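A closer look at the structure
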Amino acid sequence: MAAAPTRIDVLQLYRSLMRVARQFCDYNIREYTKRRTIDAFRDNKILTNCSQLSAAFSDGKAQLEVAKRRALVYSLYAPKVKSIMDIKPS
Amino acid sequence: MDQGRSSLAFRLRPMPARLRISCAAKPETVDKVCEIVRKQLALPSDKPVTCDSKFAELGADSLDTVEIVMGLEEEFGITVEEDNAQNIATVLDAAELIDKLCSEKSA
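Residues numbered from 1 in each chain as written. Chains lettered and ligands numbered in written order. Predicted model: local features only at pLDDT ≥ 70, side-chain atom pairs only at ≥ 80, totals over all residues. Heavy atoms only, no water.

With that settled, consider the nonpolar core. V33(B) and L72(B) are the most contacted members of the largest nonpolar core, which has 28 residues in total. Mapped onto this core, the elements with two or more residues apiece are α1 (27-41), α2 (62-76) and α4 (91-106) of chain B. Ranked by residues supplied to this core, first place goes to α4(B) with seven residues. Sequence-distant contacts of V33(B), that is, excluding residues within four places in its chain, are made with L72(B), V91(B), A94(B), A95(B) and I98(B). Residues L13(A), L64(A), L63(B) and V66(B) belong to the second largest nonpolar core, which totals 11 residues. (Core = buried A, V, L, I, M, F, W, Y, C linked by side-chain atoms within 4.5 Å. Buried < 20%, exposed > 50% of the residue type's maximum accessible area, 1.4 Å probe, protein only. Helix = DSSP H or I, 4+ residues; strand = E, 2+ residues; numbered from the N terminus. Contact = heavy atoms within 4.5 Å.)

In structure tokens:
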């Protein structure tokens, strides 16, 4: 059984997920990643059971790896036309 | 012969700064930080947010603090290191760090 993640570990994971979200070119995926991260971390804020904490933490780390790979692949095929939501009103 | 005090050519010693300014960051930086904090925490407009406001007092938990730091990174175009980000507890901490990083970036 893995040791329970510390507060610092959890916050670092949160920060890493938010950072990787920023790397997506697609507006929808970027916003989804941010929203999903925020929702998941807030829902699991009340967990106290050690095994549940470890499970949630390793789940988060796996998702981070997935997101990093996806961000890289998406950036190789980034569309030229940006989403309307990304265009700042001039 | 040493004329002594008759000539005014004494070296000017820098006086030690006894009076410390309460807010050592640029006011426009502080204003932007306050605005981002206000938006992130959805504070009512009558709640005062000043240099000394602690995020915890304004109702932010550690996740909110991370989001605020992310928002500040995007606003000012800087990257905050993990260690620095752990130590941000008040609006002033954030504004001072931003000023330092912006001046390092433009240097």
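Residues and elements named next belong to chain A. Packing of helix α1 (residues 7-22) against helix α2 (residues 27-43) leaves a shortest axis separation of 8 Å and a crossing angle of 165°. Classified by the angle their axes make, α1 and α2 are roughly antiparallel. The element α1 and its partner α2 pack so that their crossing is left-handed. Here V10, L13, Y14, L17, M18, A21 and R22 of α1 lie close against α2, whose contacting residues are R30, T33, K34, T37, I38 and F41. Taken together, the residues of the contact of α1 with α2 break down into eight nonpolar, two polar and three charged. (Axes fitted to C-alpha atoms, helices over the stretch in contact; angles between N-to-C directions. Parallel < 35°, antiparallel > 145°, perpendicular 65-115°, else oblique. Left-handed = near helix turned anticlockwise from the far one by under 90°. Nonpolar A, V, L, I, M, F, W, Y, C, P; charged D, E, K, R; others polar.)

Per the UniProt record, the feature "domain: Complex 1 LYR protein" (unreviewed entry) sits at residues 10-66 of chain A. Across residues 10-66 of chain A, the secondary structure splits into 82% helix and 0% strand, with the terminal C-alpha atoms separated by 18 Å. (UniProt positions renumbered as here; feature names shortened; annotations may be inferred.)

Moving on to the packing of α1(A) against helix α3 (residues 50-76) of chain A. All names here are of chain A. In contact at an axis separation of 10 Å, α1 and α3 are set at 25° when each is read in the N-to-C sense. Taken together, α1 and α3 sit at an angle that is classed as roughly parallel. Seen along the crossing, α1 lies across α3 with a hand that is left-handed. Where α1 abuts α3, its residues D9, V10, L13, S16, L17 and V20 lie against F57, G60, K61, L64, A67 and K68. In the contact of α1 with α3, the residues fall into seven nonpolar, two polar and three charged.

What the rule picks out here adds up to 13 salt bridges over all chains. Across the pair E82(B) and R15(A) runs a salt bridge whose closest N-O atoms are separated by 3.1 Å. Of this pair, E82(B) sits in helix α3 (residues 82-86) while R15(A) sits in helix α1, on two different chains. Owing to a relative accessible area of 2%, R15(A) belongs among the buried residues under this scheme. Taking the shortest distance from any N to any O, the salt bridge between E31(A) and K34(A) comes out at 3.6 Å. Residue E31(A) and its partner K34(A) are located together in helix α2, separated by three residues, close to a single helical turn. Judged by relative accessible area, E31(A) falls into the partly exposed class, the value being 25%. Salt bridges linked by common partners bring R42(A), K45(A), D61(B), D64(B) and E67(B) together as one network. (Salt bridge = Lys/Arg side-chain N within 4 Å of Asp/Glu carboxyl O.)

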